[in-house]
Amino acid sequence: MTGMDSSAAAPSDPREPRGADPRTDPAGTGDPAPGAQGTPAHPHRSGRPGEPLVVLEGVQKHFGDLHVLRDIDLTVGAGEVVVVIGPSGSGKSTLCRAINRLETIESGTITVDGRPLPAEGKALAALRADVGMVFQSFNLFAHKTILDNVTLGPIKVRGVGKTEARERAMALLDRVGVAHQASKYPAQLSGGQQQRVAIARSLAMDPKVMLFDEPTSALDPEMINEVLDVMTSLADSGMTMIVVTHEMGFARRAADRVVFMADGQIVEQAAPEEFFTHPRSERARDFLGKILTH
Amino acid sequence: MGEVFANYDVFGAFFMTIRLAVLSAIGSLLLGTVLAVFRMSPVGLVRGIGAAYVNVVRNTPLTLITVFTMLGAHSNLGIRVADPASPTSVVDTAFRWGVIALTVYHAAFVCEALRSGVNTVPVGQAEAARSIGLTFAQNLRHVILPQAFRGAIVPLGNTLIALTKNTTVVAVIGVAEIAYLTAEVMENDPGLIVWLFLVVALGFVVLTLPVGLATTHFGRKLAVAR
Amino acid sequence: MSAPVQLFDAPGPRGRAQQRVAAVVLALLAAVVLAAILWKLGERGNLTAAKWAPLVSPVVWRSYIVPGLINTLYAAAISIVLAGVLGLLLGVGRLSQLAPVRWVCATFVEFFRAVPVLVMMLLSFWGYLALDAVPGAYLPLAGTVTGLTLYNACVIAELIRSGVHGLPKGQAEAGLSVGLTPGQTLRSIQLPQALTAMLPALVGQLVVILKDTALGYQITYAELLRQGERIGSAYGNIVLALIVVAVLFIVLNYSLTSLAQWIEQRLSRRGRVAGGAQAADPTLGVDADPVAAGPAPGPGAGPGRG
């Protein structure tokens, strides 16, 4: 596992101290954790810790004959980091994309911060502004500079002034370690750098929750850690995150909970340590057996 | 060569070619954009209408469309595009029908050029734009169209070049442009054939080469690196 | 290359309702336009049986339409063969080791590609007449074929050249490394692959040639369009006659376009070409059209005359 050996920016075992307390400080006065230097001192707007932020109930979806999401129930609390794993084709990406309605669902409900997911129009756009999304293929706007990629949303959606948006964007780019590339175009950056910019682009919207759809799957092995490090420090700073990934090292290190999916269903969910050492279901044992022996 | 210029209105003919090309380029850009929007609509029926137009027009000879405007629409159906009482009625009628025929024909190609431009934009670009909360209009304006336009420069340039040369076809309804002049010269002075060829060839090189060079240059310069 | 962009987000209930309204409004609008056209046609007496009947009578088909169709296909067939041969020579000439050969071929291609096909037809028609080079009865055919051949040879030459340039470098290097001369490498390795890669574009060029035979109308060649016009003068039903001719052209060209797409799909499925066709244009698969198809052969490609 390439992700295993990435020593996180955080000291010792970063997962343990992250119970309920210092990281999600609603007042925003707490230490925003390593890696978050340069960010203005306001925290991620994740509601009060522990309160349900993203709730899926009875979600169903088909792709033709394929039942990709079967009766999905999932609750993600504010400040929680949930890692979704499972074999390919298990529906985990679809689940992730359904939360900001890049995929529509057939039945069931999805609520974000207590509000049901709007179906269309301005309300949907407003919701998406609050839900960050990081894609497998980065999807940086190819015709815009790195800086413009990060400022586009704040200026056009949030109505932030240009100067302020730039300052904030530079701080975020600095935080993810690509500030010196700000005037370049996406194609001039490495995959790992592009993905870090994509994370900064999402953060610039001050999202309540961030979705990661296999963020390291398209990266060369040597670039995976630089992205995972940023994600780990983001997790430590109290961001609510739903991460679809194959990086078991990241799951062990940064997740509060691991959700295992197969054939469109959530088969089991547990704390990482418990899941990796004592998987309850046959499917999970089988899956872990296949990937961990390498 | 002097004889060609001395006895015939070469510049007048080329000026007519340019007038035809400019007006029908504008017309087909407008109509072609509407068609492209139709062809990319989420509504099946609207897409169908756009596709039907493109497939019918693209497979019909321009000569047929041009002949139809005059013999069909004008003579048979009595549709008038110029005031019959005006002293320039005959010339105006031919010119306007010529522009209409060229517009109708090339709009189908403009539509396809624009669509191929949009097709150069990967689906992830629109998804990323949606994900940061841009509305449909903002997504088009800031993310999709700027990239699609760059991808459409070269095919649009090729269409403009073809259109410029295709203006000759409207000689069939008596518009006094280059092909009309060619027939006139050849009927009277067939000995001028080589000079005439050179004049016409150079004329069209002068008209089309800059377009080709410019679109290739800007197509490359503005290309979106992926 | 990921999937091309979807302009529209998946619609919600309001969006679907709007789409239904748009569909209904447009359907009504289309019906109104269609009705207006039919009304206009009827008002001018085009829809009477007397006007329609000739177009389905065997006599008219035998004496006008079928000969016109044959002449159209005849001119197109001769032109594609001649243009193919001349185009191959010019294309190979532009790839020649000898600089003068390259220059001559390049100049030829650039000049004849710049001149509109119709002008070339008029020049050759009147030129043959002045020189008394062709028997009178064959003048229109000769003019049509000359114009089509010279222009399309240039396009084909460009297709071949870009096809060879589009091949991976390793192909030529491999040929040279097994001891073939540059000429042999071109003939036995590069050209066959380039031709295969360009096959869809070549078939697409057939559509352009077939459409452009209609330019022969202007030098009195008795092709399909001219014959349609003759029906119109004989029976006073020019609008209907032109519609029938248009339908025939559309069916012919549509079949050829479908053939080109079919060939292209087969080629890409088999992977017969080392990097050629597929690499040329990633969006080609959406809809093979002359504008977007293949490596752009530069000025003149795209919408054919006609």
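Attention here is on the structure that accompanies the text. (Residues numbered from 1 in each chain as written. Chains lettered and ligands numbered in written order. Predicted model: local features only at pLDDT ≥ 70, side-chain atom pairs only at ≥ 80, totals over all residues. Heavy atoms only, no water.)

### Brief notes about the nonpolar core
And then number 1: Counting 101 residues, the largest nonpolar core has Leu20, Val175 and Ile178 of chain B as the members making the most contacts within it.
And then number 2: With 15 residues, the single largest contributor to this core is helix H5 (residues 89-119) of chain B.
And then number 3: When residues no more than four places from it in sequence are discounted, the contact partners of Ile178 of chain B are Val10, Ala13, Phe14, Thr17, Val200 and Phe204 of chain B together with Val119 of chain C.
And then number 4: Formed by 52 residues, the second largest nonpolar core is a distinct cluster that contains Val178, Ala179, Val197 and Ile224 of chain A. (Core = buried A, V, L, I, M, F, W, Y, C linked by side-chain atoms within 4.5 Å. Buried < 20%, exposed > 50% of the residue type's maximum accessible area, 1.4 Å probe, protein only. Helix = DSSP H or I, 4+ residues; strand = E, 2+ residues; numbered from the N terminus. Contact = heavy atoms within 4.5 Å.)

### Quick word on the sheet that holds strand S1 (residues 52-63) of chain A
Residue and element names in this part refer to chain A.
And then number 1: Here we have four strands laid out as an open sheet, ordered S2-S1-S4-S5, and antiparallel in their pairing. Each edge of the open sheet carries a strand with a single partner, namely strand S2 (66-77) and strand S5 (115-116).
And then number 2: Pairing analysis gives eight bridges linking S1 to S2, with the strands arranged antiparallel. Residue Leu56 lies in a different strand from S2, and its bridge partner there is Leu74. (Pairing = 2+ DSSP bridges.)

### Here's the deal with the layout of surface pockets
And then number 1: One number sums up the size of the largest pocket: a volume of about 1,400 Å³.
And then number 2: In terms of lining, the largest pocket is formed by 35 residues, of which the most central are Tyr53, Val56, Val57 and Phe68 of chain B together with Ile37 of chain C.
And then number 3: Secondary-structure elements contributing two or more residues to the lining of the largest pocket are helix H2 (10-39), helix H3 (44-58), helix H4 (62-76) and H5 of chain B together with helix H1 (13-43) and helix H10 (238-270) of chain C.
And then number 4: With nine residues, the single largest contributor to the lining of the largest pocket is H1 of chain C.
And then number 5: Looking at the lining of the largest pocket residue by residue, the class counts come to 32 nonpolar, two polar and one charged. (1 Å grid on protein atoms, 1.4 Å probe; cavity = no way out; pocket = protein on both sides within 12 Å on 5 of 7 lines; lining within 4 Å. Points joined across faces, edges and corners; volume = space filled by probe spheres on them. Nonpolar A, V, L, I, M, F, W, Y, C, P; charged D, E, K, R; others polar.)

### Examining the pattern of salt bridges
And then number 1: Taken as a whole and assessed by the stated rule, the structure comprises 28 salt bridges over all chains.
And then number 2: For Glu273 of chain A, the salt bridge is made with Arg252 of chain A, and the minimal N-O distance between the two is 3.6 Å. Of this pair, Glu273 of chain A sits in helix H8 (residues 272-277) while Arg252 of chain A sits in helix H7 (residues 248-254), and the two are 21 residues apart along the sequence.
And then number 3: Overall, the relative accessible area of 25% leaves Arg252 of chain A in the partly exposed class.
And then number 4: Arg94 of chain C is the salt-bridge partner of Glu110 of chain C, the closest N and O atoms lying 3.8 Å from each other. (Salt bridge = Lys/Arg side-chain N within 4 Å of Asp/Glu carboxyl O.)

### Looking at the side chain of Arg101 of chain A
And then number 1: Looking at the element boundaries, Arg101 of chain A is found in the loop between helix H1 (92-98) and strand S4 (107-112).
And then number 2: Buried within the structure, Arg101 of chain A lacks any salt-bridge partner; Asp9 of chain C is the closest side chain of opposite charge, at an N-O distance of 4.2 Å. (Lys, Arg positive; Asp, Glu negative; His and termini not counted.)

### Some remarks on the packing of aromatic side chains
And then number 1: Counted according to the given criterion, the structure contains eleven aromatic pairs over all chains.
And then number 2: Taking the centre distance of 5.5 Å and the plane angle of 85° together, the rings of Phe125 of chain C and Trp126 of chain C count as edge-to-face. Each member of the pair, Phe125 of chain C together with Trp126 of chain C, is buried.
And then number 3: By the ring-pair criterion, three or more aromatic residues cluster together here, those being Phe260, Phe275, Phe276 and Phe287 of chain A.
And then number 4: Seen from the ring of Phe141 of chain A, Arg201 of chain A lies directly overhead, with NZ or CZ sitting 4.5 Å from the centre. (Phe/Tyr/Trp six-rings, centres within 6.5 Å; stacked < 30°, edge-to-face > 60°. Lys NZ or Arg CZ within 6 Å of the ring centre and 35° of its normal.)

### Some remarks on a positive patch on the surface
And then number 1: Together, Lys156, Lys162 and Arg166 of chain A together with Arg141 of chain B give the surface a local cluster of positive charge.
And then number 2: Checked against the element boundaries, Arg166 of chain A lands in helix H4 (residues 162-175). (Patch = residues over 30% accessible without salt bridge, like charges linked within 9 Å, V, L, I, M, F, W, Y side chains within 5 Å. Areas by Shrake-Rupley, 256 points an atom, 1.4 Å probe, with all protein chains shown as cover. Charge placed at Lys NZ, Arg CZ, Asp CG, Glu CD.)

### Regarding the interface of chain B and chain C
And then number 1: With 71 residues of chain B at the contact, the number on the chain C side is 68 residues.
And then number 2: For the pairing of chain B and chain C, the buried interface totals around 6,000 Å² over both sides, and the portion due to carbon and sulfur atoms is 72%.
And then number 3: When the area that chain B buries against chain C is broken down by residue, the three leading residues are Asn59, Lys165 and Phe197 of chain B, summing to 11%.
And then number 4: For the pair chain B and chain C, the number of links is one salt bridge.
And then number 5: Across the pair Arg130 of chain B and Asp9 of chain C runs a salt bridge whose closest N-O atoms are separated by 4.0 Å. (Buried area = accessible area lost by both parts, 1.4 Å probe.)

### Focus on the environment of Ile189 of chain C
All names here are of chain C.
And then number 1: By the secondary structure assignment, Ile189 is in helix H8 (residues 182-212).
And then number 2: Spatially, the C-alpha atom of Ile189 lies 57 Å from that of Val25, the residues being 164 residues apart in sequence.
And then number 3: With sequence-adjacent residues up to four places away left out, Ile189 is seen in contact with Gln171, Gly175, Leu180 and Gln184.

### Side note on the interface of chain B and chain A
And then number 1: Tallying the contact residues gives 20 residues for chain B and 22 residues for chain A.
And then number 2: Summing the contributions of chain B and of chain A, the shared interface buries around 1,800 Å²; its carbon and sulfur component is 63%.
And then number 3: The largest per-residue losses of area from chain B upon contact with chain A belong to Ser131, Ile132 and His142 of chain B, which jointly make up 33% of the total buried on that side.
And then number 4: Across the pair Glu127 of chain B and Arg97 of chain A runs a salt bridge, and its minimum N-O distance is 2.6 Å.
And then number 5: Inspection of the chain B/chain A interface yields eight residue pairs in polar contact (both at pLDDT 80 or more).
And then number 6: At the level of secondary structure, the elements contributing two or more residues to the side of chain B that touches chain A comprise helix H6 (123-131) and helix H7 (136-166) of chain B.
And then number 7: It is H6 of chain B that contributes the most residues to the side of chain B that touches chain A, seven residues altogether.
And then number 8: Per-class residue counts for the side of chain B that touches chain A are eight nonpolar, eight polar and four charged. (Polar contact = N/O pair within 3.5 Å; in protein donor to acceptor, adjacent residues only side chain to side chain.)

### Some points on the pairing of strand S3 (residues 81-85) of chain A
In regular strands, side chains alternate between the two faces of the sheet.
Residue and element names in this part refer to chain A.
And then number 1: Most of S3 sits out of view: five of its five residues are buried.
And then number 2: The alternating pattern of S3 places Val81, Val83 and Ile85 and Val82 and Val84 on opposite faces, both of which are buried.
And then number 3: In terms of strand pairing, S3 meets strand S8 (residues 240-244) through four bridges, oriented parallel. Residue pairing in the sheet places Val82 in a bridge with Ile242 of S8.

### Considering a nonpolar patch on the surface
All names here are of chain B.
And then number 1: Taken together, the side chains of Phe15, Ile18, Val22, Ile26 and Leu30 make up a nonpolar region of the molecular surface, amounting to roughly 480 Å² of accessible area.
And then number 2: Checked against the element boundaries, Ile26 lands in helix H2.
And then number 3: Using a relative accessible area of 48% as the deciding quantity, one classes Ile26 as partly exposed.

### Digging into the sheet that holds S8 of chain A
The strands making up a sheet associate through hydrogen bonds between their backbones, and the pairing can be parallel or antiparallel.
Residues and elements named next belong to chain A.
And then number 1: Strand order in this open sheet of six strands is S6-S7-S8-S3-S9-S10, and the pairing throughout is mixed. Only two strands of the sheet have a single partner each, and these edge strands are strand S6 (131-134) and strand S10 (265-270). Ignoring which end each strand starts from, the neighbouring axes of this sheet average 20° apart.
And then number 2: Strand direction decides the pairing type here: strand S7 (residues 209-213) and S8, joined by five bridges, are parallel. Note that in S8 the partner of Leu211 across the bridge is Ile242.
And then number 3: Of the strands in this sheet, S6 and S7 are in contact with helix H5 (residues 191-203), which crosses S6 at around 170°. (Axes fitted to C-alpha atoms, helices over the stretch in contact; angles between N-to-C directions.)

### Remarks on the packing of H2 of chain B against H3 of chain B
Residues and elements named next belong to chain B.
And then number 1: Put simply, H2 and H3 touch, their axes get as near as 7 Å, and they point 130° apart. The orientation of H2 with respect to H3, classified from their angle, is oblique. Classified by chirality, the crossing of H3 by H2 is left-handed. When H2 is examined against H3, the residues Leu31, Leu35, Phe38 and Arg39 are found in contact with a partner set consisting of Val46, Arg47, Ile49, Gly50, Ala51, Tyr53 and Val54.
And then number 2: Considered class by class, the residues forming the contact of H2 with H3 number eight nonpolar, one polar and two charged. (Parallel < 35°, antiparallel > 145°, perpendicular 65-115°, else oblique. Left-handed = near helix turned anticlockwise from the far one by under 90°.)

### Describing the environment of Glu127 of chain B
And then number 1: Relative to the assigned elements, Glu127 of chain B resides in helix H6.
And then number 2: Looking at Glu127 of chain B, the relative accessible area reads 12%, which means it is buried.
And then number 3: In this structure, the C-alpha to C-alpha distance between Glu127 of chain B and Val99 of chain B, residues 28 residues apart in sequence, is 41 Å.
And then number 4: Sequence-distant contacts of Glu127 of chain B, defined by excluding residues within four places in its chain, comprise Arg97, Leu102 and Phe135 of chain A.

### Overview of the packing of helix H5 (residues 117-131) of chain C against helix H6 (residues 139-166) of chain C
Residue and element names in this part refer to chain C.
And then number 1: Following both chains from N to C, one finds H5 and H6 inclined at 135°, their axes separated by 8 Å at the closest point. Accordingly, the angle class assigned to the pair H5 and H6 is oblique. Seen from above, H5 lies across H6 with right-handed handedness. In contact with Val117, Met120, Met121, Ser124, Phe125, Tyr128 and Leu129 of H5, H6 contributes Leu139, Pro140, Ala142, Gly143, Thr144, Thr146, Gly147, Leu148, Leu150 and Tyr151.
And then number 2: When grouped by side-chain class, the residues that make up the contact of H5 with H6 number twelve nonpolar, five polar and no charged.

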